[in-house]
Every structure is written in C-alpha cells, then in structure tokens.
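# Structural description and commentary
As a plain string of letters, each chain reads:
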Amino acid sequence: MGAGTMNFAIFARPVVTIYDLTETTKESDAGVISTIGDEGLYGQVCQVRTAPGGVTAEGVPLPEEMAEVVSFYGYHGYVFASELRFCGEAELRSYLAAEWVMAGRATDVLTLPKVQGVRLLELERGALLRRLPEEAPHDGWALVRLVDGRTGYVRAVALEPVRWPMTAVFTQQAGRRFDEALALAEGCRPEELVPRALDRWYGGSEEAFRNALAEQAKRYLGTEYRWGGKSGRGIDCSGLVSSAYMQCGVLIYRDARLVEGWPMHEIPKEQVRRGDALYFPGHIALYLGEGRYIHSTGAAGSGGVVLNSLDPDDPLYREDLVKSLYAVGSLFGTRSVSLHLSAPPKGALWAKPGTRHGLSRPLLQGEVALRSNDGEVVRRNDNRKDYDL
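Since the model is a prediction, treat every value here as computed from it, not as a measurement.

About the cut-offs
Residues numbered from 1 in each chain as written. Predicted model: local features only at pLDDT ≥ 70, side-chain atom pairs only at ≥ 80, totals over all residues. Heavy atoms only, no water. Helix = DSSP H or I, 4+ residues; strand = E, 2+ residues; numbered from the N terminus. Contact = heavy atoms within 4.5 Å. Areas by Shrake-Rupley, 256 points an atom, 1.4 Å probe, with all protein chains shown as cover. Core = buried A, V, L, I, M, F, W, Y, C linked by side-chain atoms within 4.5 Å. Buried < 20%, exposed > 50% of the residue type's maximum accessible area, 1.4 Å probe, protein only. Axes fitted to C-alpha atoms, helices over the stretch in contact; angles between N-to-C directions. Parallel < 35°, antiparallel > 145°, perpendicular 65-115°, else oblique. Left-handed = near helix turned anticlockwise from the far one by under 90°. Salt bridge = Lys/Arg side-chain N within 4 Å of Asp/Glu carboxyl O. Disulfide = S-S within 2.5 Å. Phe/Tyr/Trp six-rings, centres within 6.5 Å; stacked < 30°, edge-to-face > 60°. Lys NZ or Arg CZ within 6 Å of the ring centre and 35° of its normal. Polar contact = N/O pair within 3.5 Å; in protein donor to acceptor, adjacent residues only side chain to side chain.

The next point concerns the overall build of the chain. Helix and strand counts for the chain come out as 6 helices and 26 strands. The contacts of the chain with a sequence gap of at least 6 include a subset with a gap of at least 24, amounting to 60%. Here the chain displays about 16,700 Å² of accessible surface, and carbon together with sulfur accounts for 49% of that area.

This paragraph deals with the nonpolar core. One finds Val 45, Phe 72, Leu 92 and Trp 164 to be the most contacted residues of the largest nonpolar core, which totals 54 residues. If sequence neighbours within four positions are ignored, Leu 92 has contacts with Phe 8, Ile 10, Val 45, Cys 87, Val 169 and Phe 170. With 32 residues, the next largest nonpolar core counts Phe 209, Tyr 220, Tyr 279 and Tyr 326 among its residues.

A separate point is the packing of helix H4 (residues 206-218) against helix H5 (residues 237-247). Running from N to C, H4 and H5 cross one another at 130 degrees; their axes reach a closest spacing of 9 Å. Judged on the interaxial angle alone, H5 and H4 are oblique. Every pair of crossing elements has a handedness; the one defined by H4 and H5 is right-handed. Across from Phe 209, Leu 213, Gln 216 and Ala 217 in H4, the residues of H5 making contact are Leu 240, Ala 244, Tyr 245 and Gln 247.

Bringing the pattern of salt bridges into the picture now. Using the criterion set out here, one finds 27 salt bridges in the structure. Of the charged contacts in the structure, one is a salt bridge between Glu 180 and Arg 177, with a shortest N-O distance of 4.0 Å. Ionic pairing is found between Glu 206 and Arg 273, a salt bridge with its closest N-O pair at 3.2 Å. Of this pair, Glu 206 sits in helix H4 while Arg 273 is found in the loop between strand S19 (265-267) and strand S20 (277-280), placing the two residues 67 residues apart along the sequence. Note on Glu 206: relative accessible area 25%, which makes it partly exposed. A single network of salt bridges, built from pairs that share partners, joins Glu 206, Glu 207, Arg 210, Arg 273 and Asp 276.

Let's shift gears to H5. Extensive coverage of H5 is indicated by the burial of 11 of its 11 residues. Within the sequence span of H5, burial applies to Cys 237, Ser 238, Gly 239, Leu 240, Val 241, Ser 242, Ser 243, Ala 244, Tyr 245, Met 246 and Gln 247. Backbone geometry just downstream of H5 places Gly 249 in the positive-phi region, at approximately 105 degrees.

This part is about the state of the cysteines. Scanning the model with the defined rule gives 0 disulfides in all. The closest cysteine sulfur to the non-disulfide-bonded Cys 87 is located on Cys 46, 8.5 Å from its own sulfur.

Before going further, it helps to examine the packing of aromatic side chains. Enumeration over the complete set of coordinates arrives at 10 aromatic pairs. Measuring from centroid to centroid gives 4.7 Å for Tyr 95 and Trp 100, while their planes differ by 65 degrees, and the two rings are edge-to-face. Assigned by exposure class, Tyr 95 and Trp 100 land together as buried. Here a set of aromatic residues connected by ring pairs shows up, and it is made of Tyr 202, Phe 209, Tyr 245 and Phe 332. A cation sits over an aromatic face here: Arg 93 above Phe 170, 3.8 Å from the ring centre. In this arrangement the basic side chain of Arg 163 is found over the ring face of Trp 201, its NZ or CZ atom lying 5.7 Å from the centre.

Moving on to the side chain of Ser 243. If you trace the backbone, Ser 243 turns up in helix H5. Within polar-contact distance, the side chain of Ser 243 engages the backbone oxygen of Gly 239 at 2.7 Å. Dropping the residues within four chain positions of it, Ser 243 is found in contact with Tyr 220, Lys 230, Ile 235 and Ser 238.

Pasting the structure below:
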C-alpha cells in the first residue's frame, strides 16, 4: 500500500504528545514553553490530514518526522510519525471491528498470565486493547493483542468496556461540525447521539449516567497536573472532564470552553446537577453535587486533581473560582441565553432564577485562535496564567 493511501493512524505509544504547532516549543515572556495541546493514548485512532514532510492545506510545511492529524474526537494537531502506526481505511475499519477493552488503570501487558511474565508495555488508564478469545481462559487474566500484532496478558480486573465510538475518524472534514460527522458515521441524527449512548450503557437512565461521570472523574484524584495531559501520568482540566465523558460514552470538546458542534450546551446555573461542567476563564471542572466539584488545577497549593467547593461554608471553598465562574454546561436541560457575567450573591452557591449570570465571551486577553481544517478553534492561552486555576 502506498504512503499516499495511509490516511489514518493508530497511536502506538502508551502516551503520544499532540502538539498545537509544528514546533514543539516556542518563546514566551516567561521563557521557552511547550506547544503541547493534547495526548493520544495507546490504541486510539486519528485521521492523517497531512503526511510527514508534506504541506498542509493552509500552506504550512511539515518536518519530515511530523504528521498533521485530527483525533477521532476532533482535536487537531501535530504528532511525531515514529509514535504512530499508519494504515489505510480498510485496515482501520477491520481494526475497529475487534472486541475492545480499555485499561481502567495503569497496567502492565505481560508475555504470560502470571506476574513473572516479561513486561511488554506499561499502559495508562484510557489505553485501548483488542481482547482475544481463549479456548482455556486463565483465571484473572485476559489475552490481548497489541497495535504491532504481538499478544500478551493483562489482569482482567484492570479492564473496562470501551463505551465511546471512534467512527468519526472516517467522516470528519473541513466545514463539517463534529456532531454531524459522528452522526453520519453512526447512521443517526446528531440529536440522537447522547440518547443512544445512555440507552446502550445506562438503560436510558440520565441519573445513572451522571453518577458514572462523577465516579470516572474521581478515578483520577491525586493525579498530577500536566499541561495538555490526559493520562494517569498527568492530566489538565479539560483532559479530566473530557476523559470522564468519553469513558462514559459521550465525546465532548477537548478544551475548556463551550463550542457549537459538540453536545455540551450552556444551561441556567440554577439547573446545575451532578456531572455537569463548570466553566471558568481558561478552566473547566466537573460538578459532583452538594456544592463540590472535581478539577485538575495547576495552582501551587494543589498541582493536580482535587476536590473544591462553591459553598463558602465548606473548608474546600475557593472564592477565586466562584467569582470567575461564567457558565454551566450540560448535555441535558434548557439551553441558557448568553448574558452578562456577574458574581453569585454572597453566601449563595448559585444566583436565584432570573438573575444574569451566563456569558458567551470573546477571546480573553492572551488567548489565541489557531485555524485548523475544521475551522477556527481556540487552542490555548498564550498567557498561561489563566490555566493555573
């Protein structure tokens, strides 16, 4: 198969860095900083927009060792070719048709179904493996196939079902909203995507889905904050929230803002419920209920995934975040009309119904918009301090 037909790829390292620029670093007022935007996890897939050494649709020449990609959940960036396994459409469709399992925690892939087996790979939560049938199963172990074709064993207790679709990798294109691309691939309408996920995995129960979101997010408690991270080695704010949603079967926008074309929409703050998203300038958290939320914060006193509260009487209260909260996002409920931001009344978790608290804002000072093949997308804040919340 010629290189020109290798329009897709599989992430072939435990954690693959996705850069926002073709350069891995850039100058800033604080010194040289990373251009990391996201991470692809082992076994997940992406569309290859431009092959290594090619020229992108925007006229950007790529280094010989780097490819332009779009992940199956719509994130655009640049990846070192050595960390990808390139393939054509037919091969990728066959690959995706296998029985999939997700590493539900950091886990080793071993040559034998015993702890003395030789370690083939060390995988992070969210990595994907193809589970193979066994004529004589080994108690407590699962036989799996790796991206390179090798087989190995992992502890069965470390595995979870893969609840999210990756088929949008075939249908994403310039000018097409992500929900339209995924719906086209799944053979349904965009508004049917969330109900279908709830029906398949939670018996149609919104409450069960909301509870699962909270539990998945809490699996990352104590994980270190990593800019652009999305694994147990380190995770950022939107990596945490988007991973929790993905692992529960729904793909939302990867960065810390509401974007048309993904299922999350703004709702009135007084309607917030467990599992909804809280939006701050350059930051996102997952609401757990009773005023508490979970988030990955770069703040010096935390530096990772922690719990905080919106309630002034709670010892985990963070006044700075309450004051900057500008929107609540949900898959459910009534869409909110975007209005002017103001702080909640002192002593109250939320403003009373009818007060003006929603905001769809323009770019904040220091934010930059990068144009990808999918349109204009705000990737990161050049100022960075807004992302240390």
